[in-house]
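# Chain and residue survey
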Amino acid sequence: MQEPGNGEAEVNEEFGSYSARRQRKSPEEEERLEMEHFWKIINTFTCYGSHIHERVNRAERQFMSLPKSQQNMLPNFHSNLDRIRKCADHNQEILQLIVNDSTCMFENKEYGNNGHKKNIPASTFDMDKLKSTIKQFVRDWSEEGKSEREACYQPIINEILKYFPKDKCDPSQINVLVPGAGLGRLAWEIAMHGYSCQGNEWSFFMLFSSNFVLNRCSQINAFKIYPWIHQFSNNVKSVDQVRPVYFPDVNPHDLPYNPNFSMTAGDFQEIYTENNSWDCVATCFFIDTAHNILDYIETIWKILKPGGIWINLGPLLYHFENLANELSIEVSYEDLKNVIIRHGFLIEVERESVRTTYTVNHFSMMKNFYDCIFFVARKPE
Ligand SMILES: C[S@@+](CC[C@H](N)C(=O)[O-])C[C@H]1O[C@@H](n2cnc3c(N)ncnc32)[C@H](O)[C@@H]1O
């Protein structure tokens with residue numbers, strides 16, 4: 001990685017962070033599992049193309065099983081599938097560019113080489129994560145994601161500007177942490193305003209991809225991706241499925257001179273243990289990723305400086321709700337708010353229904369939206 005200060009996002013790998021916190025392992029075992037996980041994700045990136053081809057082949061086989069008379073009624077079926085195959089091949093090229101960089105992207109960790117485990121079919125779970133990561137490019141780094149970012153990121157940025165006005169403080173002295181930073185756009189936008197900002201992310205899918213955008217893309221809309229080819233339902237027109245999206249919509253290297261902007265890799269709760277160290281913690285679509293949301297609140301309380309603020313926007317779609325054998329504490333916003341207050345936070349701003357989307361496909365017949373909670377909570381002096 002190049003030196004930060006050239007607009008490069010520095011990535012620090014927190015050793016052993018991936019391994020399940022609740023089952024303590026020896027450092028060697030943690031290291032081995034981490035390595036295995038790393039290569040499993042690389043493998044998922046590598047297998048993407050063949051996975052999509054298999055899916056398209058299945059559609060073709062099913063079509064071919066129809067009576068000829070019905071097949072004749074859909075003269076474009078084969079050519080539409082061929083277009084999807086071409087788009088999948090293109091996506092695979094982009095994914096390959098992303099992984100090419102990934103073994104050397106961490107500042108303090110070497111991942112060696114994969115050795116014997118090449119091209120084992122990826123699990124459906126991992127492949128779904130990769131497809132979601134591809135859609136995340138739209139949300140964070142495309143023109144098409146602009147309205148979504150306005151709804152999700154702008155309210156957070158507005159509060160930072162309000163609480164730490166640039167005419168009353170030196171923004172570079174204000175430390176903002178963005179846990180669960182995804183592809184890094186919110187953290188980057190905060191750094192663009194001159195604040196010192198660190199994004200933190202746990203998923204290798206996101207880390208590889210944000211590394212690529214932040215460090216390897218310097219020309220506006222130089223790349224294209226086909227994020228919607230995985231969606232076979234709710235297309236108004238066949239061409240909607242093969243619609244390209246261009247990225248990045250901005251030059252990520254356009255950060256102000258000598259920015260203090262970095263990304264860390266690892267579990268937010270394991271990395272951030274130092275008391276009273278952040279002026280602001282900004283969480284966007286993040287707090288519901290917890291096994292135990294109360295732990296997250298405790299960590300945020302602990303790491304905020306007295307007088308510091310926690311800005312949150314997002315729903316409460318508990319990520320572990322339907323996963324067997326995983327701890328998942330699900331509470332309503334009403335109960336969560338009581339916990340926040342009982343910790344000692346002062347809720348200074350609150351809106352209960354901020355309408356947003358998450359990686360929405362504007363052309364789809366189905367669009368989900370969230371009525372998010374939004375608040376600013378202060379840890380008193
Ligand atoms: C729903 S996504 C939101 C991403 C981004 N904030 C946005 O609004 O687009 C939640 C993110 O949190 C990350 N995450 C989940 N648990 C985490 C943890 N314990 N530490 C750091 N990141 C975590 C996930 O990998 C995922 O990228």
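The structure displayed is predicted, hence computed values, not measured ones.

### With respect to the pattern of salt bridges
- Counted by the stated rule, this structure contains 16 salt bridges.
- Between R32 and E29 there is a salt bridge, with the nearest N and O atoms lying 3.0 Å from each other. Note that R32 and E29 are positioned in helix α1 (residues 27-64) at a spacing of 3 residues, about one turn of the helix.
- Taking the shortest distance from any N to any O, the salt bridge between E189 and R185 comes out at 2.7 Å. In this pair, E189 and R185 both sit in helix α7 (residues 185-192), 4 residues apart, roughly one turn of the helix.

### A word on the site of the ligand
- Around the ligand sit 19 residues in total, of which Q136, R139, G180, E201 and C284 are the nearest.
- Q136 places a side-chain nitrogen or oxygen 2.8 Å from an oxygen atom of the ligand.
- D267 places a polar side-chain atom, nitrogen or oxygen, 3.1 Å from a nitrogen atom of the ligand.
- Isolated, the ligand exposes 600 Å² of accessible area, and the fraction of that covered by the protein chains is 89%.
- Counting residues per element, the ones that place at least two in the shell around the ligand are α4 (124-141) and β3 (196-201).
- Looking at the shell around the ligand residue by residue, the class counts come to 9 nonpolar, 7 polar and 3 charged.

### A short note on the packing of aromatic side chains
- Going through the model one piece at a time under the given rule, you end up with 22 aromatic pairs.
- Note on W301 and F345: the rings are 5.0 Å apart at their centroids and 85 degrees apart in plane angle, and the pair reads as edge-to-face. Pair noted here: W301 is in helix α11 (residues 293-303) and F345 is in the loop between α12 (333-343) and β9 (346-356), with a separation of 44 residues, a long-range link.
- A relative accessible area of 2% places F345 in the buried class.
- Clustering of aromatic rings is evident, with ring pairs tying together F38, W39, F45, F204, F205 and F208.
- The aromatic ring of F285 is capped on one face by R139, whose charged end is 5.0 Å from the ring centroid.
- Between the NZ or CZ atom of R243 and the centre of the ring of F363, over which it lies, the distance is 3.8 Å.

### Things to note about the environment of T299
- Secondary-structure assignment places T299 in helix α11.
- Take T299: its relative accessible area is 10%, and that puts it in the buried class.
- Between the C-alpha atom of T299 and that of T273, which follows or precedes it by 26 residues, the distance is 7.3 Å.
- For T299, the residues in contact, after removing those within four places along its chain, are F268, Q269 and Y272.

How each quantity is defined
- Residues numbered from 1 in each chain as written.
- Predicted model: local features only at pLDDT ≥ 70, side-chain atom pairs only at ≥ 80, totals over all residues.
- Heavy atoms only, no water.
- Salt bridge = Lys/Arg side-chain N within 4 Å of Asp/Glu carboxyl O.
- Helix = DSSP H or I, 4+ residues; strand = E, 2+ residues; numbered from the N terminus.
- Near = heavy atom within 4 Å.
- Polar contact = N/O pair within 3.5 Å; in protein donor to acceptor, adjacent residues only side chain to side chain.
- Areas by Shrake-Rupley, 256 points an atom, 1.4 Å probe, with all protein chains shown as cover.
- Nonpolar A, V, L, I, M, F, W, Y, C, P; charged D, E, K, R; others polar.
- Phe/Tyr/Trp six-rings, centres within 6.5 Å; stacked < 30°, edge-to-face > 60°.
- Buried < 20%, exposed > 50% of the residue type's maximum accessible area, 1.4 Å probe, protein only.
- Lys NZ or Arg CZ within 6 Å of the ring centre and 35° of its normal.
- Contact = heavy atoms within 4.5 Å.

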